[in-house]
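# Results of the structural survey
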Amino acid sequence: MSHIINGKQIAAETQVSITKRVAEFKEKTGITPGLTVVLVGEDQASQVYVRNKEKRTADAGMNSEVIRLDATVTQADLLAVVEKLNQDETVHGILVQLPLPTGIDSDLVLDAIDPTKDVDGFHPINVGNLSIGKEAFVPCTPAGIIRLIKSTGESIEGKEAVIVGRSNIVGKPVAQLLLQENATVTIAHSRTKDLPSVTKRADILVVATGLAKFIKKEHIKQGAIVIDVGMDRDENNKLCGDVDFDDCQEVAGFITPVPGGVGPMTITMLLENTLISAERSAQ
Ligand code: NDP
């Protein structure tokens with residue numbers, strides 16, 4: 001039986017330490033770190049995410065602001081809102097919640113965010129800096145994944161790491177981060193031939209496909225660390241991951257559950273990035 005990596009608990013502990021660091025920073029500099037989230041339209045899932053971000057930011061002692069815009073907002077007006085936030089010294093982190101309504105070019109909006117306030121880490125400057133090993137904002141879900149892997153106490157250096165999925169928001173940045181930790185990294189995707197033979201090499205397996213319960217025990221090396229990024233629905237409409245947890249638990253050394261694994265870490269890393277941004281701006 002594998003050890004279950006308790007993301008909920010690790011996120012809660014990390015939030016406590018961030019809250020302490022925020023208080024110390026405020027005491028030392030008189031500056032309160034601030035995160036502003038821009039939410040456009042009425043997407044139900046986005047409303048829930050944004051409410052959680054708003055609350056967790058305030059709980060950490062930071063300024064927490066949400067700008068809610070109508071789905072009919074024009075691209076020019078949205079860009080003007082972003083520009084205003086870029087100029088606002090009390091705002092250290094800007095996050096434009098995706099997806100944006102059709103008719104708005106998301107890339108254009110994300111590219112307009114000042115890279116020094118891009119706490120989501122999606123701006124091309126941060127993506128480029130991460131890939132060449134320079135100081136960058138690391139996207140929150142990948143940053144959380146590395147924390148969860150480290151929480152096992154196993155070293156990453158020299159290990160075979162396989163990531164299934166090559167999206168810009170998960171797969172590719174996770175690969176960059178594991179490379180920085182000196183793992184030997186393979187990225188698999190939908191055109192990969194004989195996936196089980198690739199994933200079975202992995203001491204560390206990160207799965208981000210969006211396919212419910214796609215990874216079975218046949219994919220997993222005995223004792224591997226298995227990180228499940230997926231947020232899917234099973235045949236009973238119950239939340240599940242990309243990894244068939246019950247099946248793989250017998251084989252994996254460590255495994256994240258869904259829910260309660262990667263998900264809770266994402267907002268925590270957003271708070272940490274906002275604090276880092278405030279610290280940098282104070283220097
Ligand atoms: P994308 O849809 O952008 O990417 C999916 C990736 O999986 C693609 O690279 C695709 O390959 C690959 N893939 C699809 N089918 C196969 C297959 N049969 N074999 C191997 N690879 C395959 O997804 P995201 O990265 O955005 O998200 C992945 C999952 O993670 C989703 O469930 C999402 O909800 C979840 N997620 C969770 C977050 C959290 O905070 N917990 C945050 C972000 C995402 P190809 O490139 O060839 O098409």
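In this text the structure is predicted, and so the values were computed from the model without any measurement.

### Some remarks on the sheet that holds strand β4 (residues 93-96)
Taken in spatial order, the three strands make up an open sheet running β3-β2-β4, and their pairing is parallel. Sheet topology places β3 (63-69) and β4 at the edges, where each strand pairs with a single neighbour. Adjacent strand axes in the sheet meet at a mean angle of 15°, parallel and antiparallel pairs treated alike.

### Thoughts on the UniProt feature "domain: Tetrahydrofolate dehydrogenase/cyclohydrolase catalytic" (unreviewed entry) in the protein chain
UniProt annotation of "domain: Tetrahydrofolate dehydrogenase/cyclohydrolase catalytic" (unreviewed entry) refers to residues 5-120 when read in the numbering used here. End C-alpha to end C-alpha, residues 5-120 measures 24 Å, and it is 51% helix and 16% strand.

### A few points about helix α10 (residues 263-282)
Look at α10: 30 Å from first C-alpha to last across 20 residues, which is about the 28 Å you get at 1.5 Å a residue. α10 sits mainly inside the fold: 15 of its 20 residues count as buried.

### Thoughts on the pairing of β4
Remember that side chains alternate between the two faces of the sheet whenever the strand is regular. Residue alternation in β4 divides its side chains into two sets, Gly-93 and Leu-95 and Ile-94 and Val-96, and both sets are buried. Relative to β4, strand β2 (residues 34-40) runs parallel, the two being bridged by four bridges. Across the sheet, Leu-35 pairs through a bridge with Gly-93, a residue of β4.

### Focus on the site of the ligand
Around the ligand, 25 residues are found, and the nearest of them are Gly-165, Ser-167, His-189, Ser-190 and Gly-210. Taken together, the residues that form the shell around the ligand break down as ten nonpolar, twelve polar and three charged.

### Some thoughts on the domain arrangement of the protein chain
By the assigned domains, the protein chain splits into domain 1 (30-115) and domain 2 (140-263). On a C-alpha basis, the centroid separation for the pair domain 1 and domain 2 is 30 Å.

### Observations concerning the packing of helix α6 (residues 140-151) against helix α7 (residues 171-180)
Viewed as axis vectors pointing N to C, α6 and α7 meet at an angle of 40°, and their least axial separation amounts to 9 Å. On the basis of their axis angle, the class for α6 and α7 is oblique. As for how α6 packs across α7, the hand of that crossing is right-handed. Where α6 approaches α7, its residues Pro-142, Ile-145 and Ile-146 are matched on the opposing element by Pro-173, Val-174 and Leu-177. Residue composition of the contact of α6 with α7, grouped by class: six nonpolar, no polar and no charged.

Calculation notes
- Residues numbered from 1 in each chain as written.
- Predicted model: local features only at pLDDT ≥ 70, side-chain atom pairs only at ≥ 80, totals over all residues.
- Pairing = 2+ DSSP bridges.
- Helix = DSSP H or I, 4+ residues; strand = E, 2+ residues; numbered from the N terminus.
- Axes fitted to C-alpha atoms, helices over the stretch in contact; angles between N-to-C directions.
- UniProt positions renumbered as here; feature names shortened; annotations may be inferred.
- Expected span 1.5 Å × (residues − 1).
- Buried ≥ 20, exposed ≤ 12 C-beta atoms within 10 Å, placed from the backbone.
- Near = placed C-beta within 6 Å.
- Nonpolar A, V, L, I, M, F, W, Y, C, P; charged D, E, K, R; others polar.
- Domains from an automatic or database assignment.
- Parallel < 35°, antiparallel > 145°, perpendicular 65-115°, else oblique.
- Left-handed = near helix turned anticlockwise from the far one by under 90°.
- Contact = placed C-beta atoms within 7 Å.

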